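Architecture at a glance
The residues making up each chain are set out below.
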Amino acid sequence: MLQARFEKRVGDFRLLVDLSAGNETIALLGASGAGKTMTLRCLAGLEKPDRGYIALDGHVWFDGEKGVCVPPQERGVGLLFQHYALFPNMTVRQNLLCGFRRDTPRRQRSAEAERLLERFCLRGLEDRLPGQLSGGQQQRVALARCLARKPRLLLLDEPFAALDAHLRWRLEQELMTTLTSFEGTALYVTHDRDEARRICGRVCVMRAGRTQPPEDVEHWHSHPATWSAAELAGFENIAAVSRTADGMAALDGWDALWPGDHSDAAAAAFRAEDARLEADGGSETPDGKDFVILCRIIRTSGQETICAPLRRPECLLRAAPDRRFAPGDTVRLCVAPGKAVWLRGED
Amino acid sequence: MDWFPLLNSLRVALIATVLTFFLGIWAANGITRLPAWLKGALDCVLTLPLVLPPTVVGFFLLKTISPKAPLGSFLLDAFGWRLTMTWYSAVLATAIVAFPLMYRTARGSFEQLSPEWEACAETMGLTRRFIFWRIKLPNCKAGLLAGTVLSFARALGEYGATSMVTGYIPGRTATVATTVYQLWREGNDALAFRWVLIDLGISLVVLVAMNLLQRRGGAARAPSAV
């Protein structure tokens, strides 16, 4: 059980973390510069917060009021760095041996190192230097080294950022197997929402140095609460609600009027995959079932269709791919009301 | 031919290099943990001998350790150490002049190390001593060796500070550098030429050694520098 509530200032940047997690894998999701890595460094003890409280399983690591700050050496955290931080002058085996707790007897260390070599498919590589390993092998060594000291808190800092795309999928499967058997809290830092969705059960979104309350990753993905959450969750189309009256919401950005009582909404959003295109029948609200925007196609591809509202040609919308239409065609972009998300104002 | 100047030069340069090796690495490693303003100030002081004319270094030294200066007279009275006009006073002068070369190359090597290694080692519970000896030092071996060779070369070629602090006493304080000057003043060009050739030979060996070290070091570091 991790409990962290702390604050740290670095120049103009203010980090404000409020996060608690049980024995689970929780994603720390945010754009670069949101303070994710700084959060990890504070948890690991490499940075000292200005004030606040950090505890794991009841052991207090940091308490600003009581002046407690346990050094990183004594926290027993497993921190997997983005670039793995393997010691280049040591072989794979020597790197692993460094990972054990200081009080582990020598014989036990080497026996467990052998087990780790086996478990992480590093047999045959044990006498190589990190420079002679592929990116994926380096990651396995680094992960094995992290787990050697049996940490109760595992911090993973964008473990796939340094790898080629084709390597990621397999390594991701391996990592997920490892995480499933891991007994403790794993904090997975990423800026990739799909990665977070595949690997983590809950997500804690970070924006401009602040953590948002953790929520179920699927719920977050389908029901973001705010504009920035919708952006992070991958909603391609977002527009502000300018006014609501007579059961209609006006979306000025798209020059559209959508029915429904949304007086408390600040913006509306929908995903490209949920935007269906239909040949223009002339009217904008024919059957009253879908939300409709009258558009002109700008560009088509196998991935998506780009179109612009007729009266707002400067605004680009992204819709599902549809090879029936060509650039210049006028179409009706339809979104089922259930697929549109109404967002409240930022906190 | 009297080989004393060569032996004395080598003796002085070797001892001075050993001194600067340890002091330079110690200073370079220690300075990284200081607050920025202190770091800047100390860095200036430690690099000063590199930009000052060696005669100025010699002048400062004479004003502190000569038997007429307070510290020098104290050392002479209390321990019988006479730090001027002896061969070991050249060690002191040479070490000070060569120090910045070792210090700066060592600092450059330390700064090139990935800060992640140290941070990672700390989270793994490794001690500061282990981190320094087993992670930092081995990974800047090439830079430290280059700094050592550079300091040795500088120590071997030191003239200004040495001549002021040790003078020229044949068979006692004469080095190759001071001998060449003395021989030229006496008009003994033939002998001066022989010493010049010897000095050229040594310098060439040192430079080639340094290039080899750097090339090998560069190749070894490239793949691991993430």
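Residues numbered from 1 in each chain as written. Chains lettered and ligands numbered in written order. Predicted model: local features only at pLDDT ≥ 70, side-chain atom pairs only at ≥ 80, totals over all residues. Heavy atoms only, no water.

1. Here's the deal with the overall build of chain B
Scanning chain B for helices and strands turns up 11 helices and zero strands. Reading chain B from its N end, one meets helices and strands in the order α-α-α-α-α-α-α-α-α-α-α. When its C-alpha atoms are laid out on the principal axes, chain B stretches across 65 × 40 × 25 Å. Across the 226 residues that make up chain B, the buried fraction comes to 44%. The long-range fraction of contacts in chain B, counting pairs at least 24 apart against all pairs at least 6 apart in sequence, stands at 73%. In the form shown here, chain B has an accessible surface area of approximately 12,000 Å², with 70% of it arising from carbon and sulfur atoms. Across chain B, the mean location of the 20 positive side-chain charges is 4 Å away from that of the 11 negative side-chain charges. (Helix = DSSP H or I, 4+ residues; strand = E, 2+ residues; numbered from the N terminus. Buried < 20%, exposed > 50% of the residue type's maximum accessible area, 1.4 Å probe, protein only. Contact = heavy atoms within 4.5 Å. Areas by Shrake-Rupley, 256 points an atom, 1.4 Å probe, with all protein chains shown as cover. Lys, Arg positive; Asp, Glu negative; His and termini not counted. Charge placed at Lys NZ, Arg CZ, Asp CG, Glu CD.)

2. Details of the overall build of chain A
Along its length, chain A carries nine helices and 23 strands. Counting only C-alpha atoms and orienting by the principal axes, one finds that chain A spans roughly 80 × 50 × 35 Å. Within chain A, contacts between residues at least 6 apart in sequence are counted, and of these 65% link residues at least 24 apart. Roughly 16,200 Å² of accessible area belongs to chain A as shown, and the carbon and sulfur atoms make up 47% of that amount. Averaged over its 47 positive side-chain charges, chain A has a centre that lies 7 Å from the centre of its 48 negative ones.

3. Here we look at the side chain of A:Arg140
Residues and elements named next belong to chain A. Of note, arginine 140 is situated in helix H5 (residues 135-147). In terms of polar contacts, arginine 140 uses its side chain to reach the backbone carbonyl oxygen of phenylalanine 120, at 2.9 Å. In contact with arginine 140, other than residues within four places in its own chain, are Phe120, Cys121, Leu122, Leu171 and Glu174. (Polar contact = N/O pair within 3.5 Å; in protein donor to acceptor, adjacent residues only side chain to side chain.)

4. Digging into the sheet that holds strand S14 (residues 243-245) of chain A
Residue and element names in this part refer to chain A. On the basis of which strands lie adjacent, the open sheet formed by three strands has the order S14-S15-S16 and antiparallel pairing. Because the sheet does not close on itself, it has two edges, and the strands there are S14 and strand S16 (256-259). Going from strand to strand, the sheet's axes swing by 25° on average, the running direction of each strand aside. In this sheet, strand S15 (residues 248-251) lies alongside S14 in antiparallel orientation, the contact comprising three bridges. Along S15, the bridge assignment pairs alanine 245 with methionine 248. (Pairing = 2+ DSSP bridges. Axes fitted to C-alpha atoms, helices over the stretch in contact; angles between N-to-C directions.)

5. What to know about the sheet that holds strand S13 (residues 237-240) of chain A
The strands that make up a sheet pair up through hydrogen bonds in the backbone, lying either parallel or antiparallel. All names here are of chain A. Taken together, the three strands give an open sheet; going across it, the order is S13-S17-S23, and neighbouring strands pair in antiparallel fashion. The strands lining the two open edges of the sheet, one partner per strand, are S13 and strand S23 (341-343). Pairwise comparison of adjacent strand axes, ignoring direction, gives a mean angle of 25° for this sheet. Examined bridge by bridge, strand S17 (residues 267-270) and S23 share three bridges and lie antiparallel to one another. Bridging across to S23, alanine 269 finds its partner in valine 341.

6. Concerning the domain arrangement of chain A
Residue and element names in this part refer to chain A. Split into domains, chain A comes out as domain 1 (2-232) and domain 2 (237-343). The distance between the C-alpha centroids of domain 1 and domain 2 comes to 40 Å. Residue-level contacts link eight residues of domain 1 with seven residues of domain 2. Taken together, the connections running from domain 1 to domain 2 amount to zero salt bridges. Where domain 1 meets domain 2, there are one residue pair in polar contact (both at pLDDT 80 or more). Those elements giving two or more residues to the side of domain 1 that touches domain 2 turn out to be helix H8 (217-222) and helix H9 (227-232). The leading source of residues in the side of domain 1 that touches domain 2 is H9, at three residues. Of the residues in the side of domain 1 that touches domain 2, the class split is four nonpolar, three polar and one charged. (Domains from an automatic or database assignment. Salt bridge = Lys/Arg side-chain N within 4 Å of Asp/Glu carboxyl O. Nonpolar A, V, L, I, M, F, W, Y, C, P; charged D, E, K, R; others polar.)

7. Some words on the interface of chain B and chain A
Counting residues at the interface gives 18 residues for chain B, matched by 25 residues for chain A. Across the chain B/chain A interface, buried area totals approximately 2,000 Å², and carbon plus sulfur atoms make up 64% of it. Sorting the residues of chain B by area buried against chain A places B:Glu116, B:Thr123 and B:Met124 first, and these three jointly supply 32% of that buried surface. Along the contact surface separating chain B from chain A lie zero salt bridges. For the pair chain B and chain A, the interface holds seven residue pairs in polar contact (both at pLDDT 80 or more). At the level of elements, helix H6 (115-123) and helix H7 (128-139) of chain B are the ones that each hand at least two residues to the side of chain B that touches chain A. (Buried area = accessible area lost by both parts, 1.4 Å probe.)

8. Considerations on the nonpolar core
Residues A:Phe87, A:Leu155, B:Phe110 and B:Leu126 are the most contacted members of the largest nonpolar core, which totals 58 residues. In this structure B:Leu126 touches A:Gln73, A:Phe87, A:Cys98, A:Arg102, B:Ala121, B:Ile131 and B:Ile135, once residues within four positions along its chain are discounted. Of all hydrophobic cores here, the second largest spans 49 residues; its members include A:Tyr84, A:Leu147, A:Val217 and A:Ala230. (Core = buried A, V, L, I, M, F, W, Y, C linked by side-chain atoms within 4.5 Å.)

9. Considering the packing of helix H2 (residues 36-51) of chain B against helix H5 (residues 87-112) of chain B
All names here are of chain B. Running from N to C, H2 and H5 cross one another at 125°; their axes reach a closest spacing of 6 Å. On the basis of the axis angle, H2 is oblique to H5. As for how H2 packs across H5, the hand of that crossing is left-handed. In this structure, H2 contributes Asp43, Leu46, Thr47, Pro49 and Leu50 to the contact, and H5 contributes Ile96, Val97, Phe99, Pro100, Leu101, Tyr103, Arg104 and Arg107. The class makeup of the residues in the contact of H2 with H5 is nine nonpolar, one polar and three charged. (Parallel < 35°, antiparallel > 145°, perpendicular 65-115°, else oblique. Left-handed = near helix turned anticlockwise from the far one by under 90°.)

10. Section: unusual backbone geometry
Residues and elements named next belong to chain A. Unlike most non-glycine residues, cysteine 121 shows phi in positive territory, near 55°. Relative to the elements of secondary structure, cysteine 121 occurs in the loop between helix H4 (106-119) and H5. Its identity is not glycine, yet glutamate 158 carries a phi of approximately 40°, on the positive side. Within the secondary structure, glutamate 158 sits in the loop between strand S8 (153-157) and helix H6 (165-181). Owing to a relative accessible area of 10%, glutamate 158 belongs among the buried residues under this scheme.

11. Section: the pattern of salt bridges
One side chain can pair with another of opposite charge once the charged atoms of both are near each other. All names here are of chain A. Applying the stated criterion to the full structure yields 29 salt bridges over all chains. With its nearest N and O atoms 4.0 Å apart, the salt bridge here joins lysine 8 to glutamate 47. Taken together, the positions of lysine 8 in strand S1 (residues 2-10) and glutamate 47 in the loop between helix H1 (36-44) and strand S4 (51-56) put the pair 39 residues apart, joining distant regions of the chain. Lysine 8 sits in the buried class, given a relative accessible area of 11%.

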